[in-house]
Amino acid sequence: MRYISMTSHNIGENLATEQYLMNNKDFGEPLLLFYYEEPCIIVGRNQNTLEEINQKYVDEHNIRVTRRLSGGGAVYQDLGNLCFSFVVDSDSEEFGDFKSFTQPIVDALHEMGATTAEVSGRNDILVDGKKFSGNAMYSRNGKTFSHGTLMLDVDLDVVGKALNVPEDKIKSKGIKSVRSRVTNLKPYLAPEYQDITVAEFRDTLLKKLFKVDSLDEIKDKEVVVTPEEQTKIDKIYEDTYNNWDAVYGNSPEFTVKKRQHFDMGTVDARIKVDDGKISNIKFYGDFFGPGDVEELATALNGKKYERNEIKNVIDSIDTAKYIVGVSKEELVDLLV
């Protein structure tokens, strides 16, 4: 086995590196990757991004959002979470056999004191019946990667807020996340590991997986990305993981109903979104306005269904012509 400990704390850059190494390098043996990143949400390949995240909370707290190549549900990560990924030849493991990848990690955790850690269900790792690891898999061109999370010391309060989607009555064909009772792993580790950092946790796992006492013993197994390879990785990052169309635009078609009562009447907006953009919007309600509200709808059609773009449209229009008594800011808050 070879390994790489990535230095970037940007989830998009790390996923781009993972994708590049999977598709463009053949080490002749399995590859293990470790990485951890600043606050972010990663949605699954077949999910509706807006259906999975609390966009307002995400924007206010500068949480990065990206989409991965693999399926499964949305996950929140911060610098208290360690990610691991195994890249193997597709014929060496059966697709969907998560246990073959996760069991070595579980065995190492047992050695660190988390004796109740176990592989459970299709793709989770639990400790005392609570989830601290979710895993997903992707296969292409004869290679498969299985990547997962290890919640060592994640801010659990943020998990509940960032992934708690407000009741917007969104209906789509996207794959929904299954919310589980989650926990951090650190309290279950042996006393000598209670002050362990994520970097130390990573290195300890590496030593246990390779069965060595020092990382110096496996220096020849470490993978180093060259400047030329980094240039190619950067392009993957910009094209895929830092690209609005890839993250939001690839969401399945969905509809959302937004209804609110104001002092001057009720506004009910029905919005159809396709490829992340408004394909149809209708306004209903008992509000007043001298103009035809269809003109407002026409101005919004074709725009990205995200706050800044909607705000720019609303700011450019005399909305009082269509809906009296509702401010531009209130209208933006209603729609997005």
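The numbering scheme is per chain: residues are counted from 1 as the chain's sequence reads. Totals for whole chains, interfaces and linings use all residues, but because this is a predicted model, local features are given only for residues with pLDDT of at least 70 and pairs of side-chain atoms are given and counted only at 80 or more. The basis for the side-chain values is all heavy atoms of the structure; hydrogens and waters are excluded.

**As for the overall build of the protein chain**
And then number 1: For the purposes of this entry, the term helix denotes a DSSP run of H or I that reaches at least four residues, the term strand denotes a run of E that reaches at least two, and both are numbered from the N terminus. Counting its regular elements, the protein chain contains 11 helices and 14 strands.
And then number 2: When the backbone C-alpha atoms are referred to their principal axes, the protein chain occupies close to 75 × 45 × 30 Å.
And then number 3: The contact definition used throughout considers only heavy atoms, calling two residues in contact when any of these lie within 4.5 Å. Of the contacts made within the protein chain by residues no fewer than 6 positions apart, 70% connect residues no fewer than 24 positions apart.
And then number 4: For accessible areas, the Shrake-Rupley method is used with a probe of radius 1.4 Å. Any residue's cover is judged against the shown protein chains and nothing else. For the protein chain, the accessible area works out to roughly 16,000 Å², and carbon and sulfur atoms hold 45% of it.
And then number 5: Positive and negative charge centroids in the protein chain, built from 42 and 57 side chains respectively, lie 5 Å apart. The sign given to each residue is positive for Lys and Arg and negative for Asp and Glu; His and the chain ends receive no count. Charge positions are represented by NZ for Lys, CZ for Arg, CG for Asp and CD for Glu.

**Considerations on the packing of aromatic side chains**
And then number 1: Aromatic pairs are defined between Phe, Tyr and Trp rings, using the six-membered ring for Trp, whenever the two ring centres lie within 6.5 Å; interplanar angles under 30 degrees are classed as stacked, those over 60 as edge-to-face, and all others as tilted. Under the criterion given, the structure shown has six aromatic pairs.
And then number 2: Both rings, one in Phe84 and one in Phe86, keep their centres 6.1 Å apart while their planes meet at 70°; by these two values the pair is edge-to-face. No difference in accessibility class separates Phe84 from Phe86, as the two residues are buried.
And then number 3: Between Phe254 and Tyr305, the aromatic rings sit 6.3 Å apart at their centres with planes inclined by 65°, giving edge-to-face as the arrangement. Of this pair, Phe254 sits in strand β12 (residues 254-262) while Tyr305 sits in the loop between α9 (293-300) and α10 (307-315), placing them 51 residues apart in sequence. An identical accessibility class is assigned to Phe254 and Tyr305; each is buried.
And then number 4: Counting every residue linked through ring pairs, the aromatic cluster contains Phe84, Phe86 and Phe101.
And then number 5: As a reminder, the over-ring test applies to NZ of lysine and CZ of arginine, requiring each to be within 6 Å of the ring centre and within 35 degrees of the ring normal. Its guanidinium or amino end placed over the ring of Trp244, Lys304 lies 4.6 Å from that ring's centre, counting from NZ or CZ. Buried residues are those whose accessible area, probed at 1.4 Å on protein chains only, stays under 20% of the maximum for their type, while exposed residues exceed 50% and partly exposed ones sit between those limits.

**Here we look at a nonpolar patch on the surface**
And then number 1: For patch detection, residues must exceed 30% relative accessible area and be free of salt bridges, and they are connected within 9 Å for like charges or within 5 Å for nonpolar side chains (Val, Leu, Ile, Met, Phe, Trp, Tyr). In the sections that follow, a salt bridge refers to a side-chain nitrogen of Lys or Arg positioned within 4 Å of a carboxyl oxygen of Asp or Glu. Together, Met264, Phe288 and Val324 make up a nonpolar patch on the protein surface, roughly 290 Å² of accessible area in all.
And then number 2: Of the residues examined, Met264 reaches a relative accessible area of 42% and is grouped as partly exposed.

**Some points on the domain arrangement of the protein chain**
And then number 1: What fixes the domain bounds is an automatic or database domain assignment. Partitioning the protein chain into domains gives domain 1 (2-248) and domain 2 (256-335).
And then number 2: A separation of 38 Å is found between the C-alpha centroids of domain 1 and domain 2.
And then number 3: The interface of domain 1 with domain 2 comprises six residues on the first partner and nine residues on the second.
And then number 4: Buried area: the sum, over both parts, of the accessible surface (1.4 Å probe) that disappears when the two are put together. Of the roughly 720 Å² buried where domain 1 meets domain 2, counting both sides, 61% is carbon and sulfur surface.

**Some points on the pairing of strand β9 (residues 130-140)**
And then number 1: Within β9, nine of the 11 residues are buried, leaving the element largely enclosed by the surrounding structure.
And then number 2: In the sheet, strand β8 (residues 124-127) pairs with β9 via four bridges, with the strands oriented antiparallel. Residue Leu126 lies in a different strand from β9, and its bridge partner there is Lys131.
And then number 3: Following β8, the chain reverses through two residues before pairing antiparallel with β9; Asp128 in that reversal takes a positive phi of roughly 50°.
And then number 4: Whether two strands pair depends on DSSP finding at least two bridges between them. Across six bridges, β9 lies against strand β10 (residues 143-151) in antiparallel orientation.

**So, the sheet that holds strand β1 (residues 2-5)**
And then number 1: Spatially, the seven strands line up as an open sheet ordered β1-β2-β6-β10-β9-β8-β7, and their pairing is mixed. The sheet terminates laterally at β1 and β7 (117-120), the two strands that pair on one side only. Neighbour-to-neighbour, the strand axes of this sheet turn through a mean angle of 20°, independent of strand direction.
And then number 2: In this sheet, β10 lies alongside strand β6 (residues 81-89) in antiparallel orientation, the contact comprising nine bridges. Bridged to Cys83 within β10 is Thr149.
And then number 3: Sitting on the sheet, helix α4 (residues 99-111) touches β6, β7, β8, β9 and β10, and the angle it makes with β7 is about 170°.
And then number 4: Packed on one face of the sheet, helix α6 (residues 198-210) meets β1, β2 (31-35), β6 and β10 and runs near 165° to β2. All axes here are fitted lines through C-alpha atoms, helices being fitted over the stretch that makes contact, and every angle between N-to-C directions spans 0 to 180 degrees.

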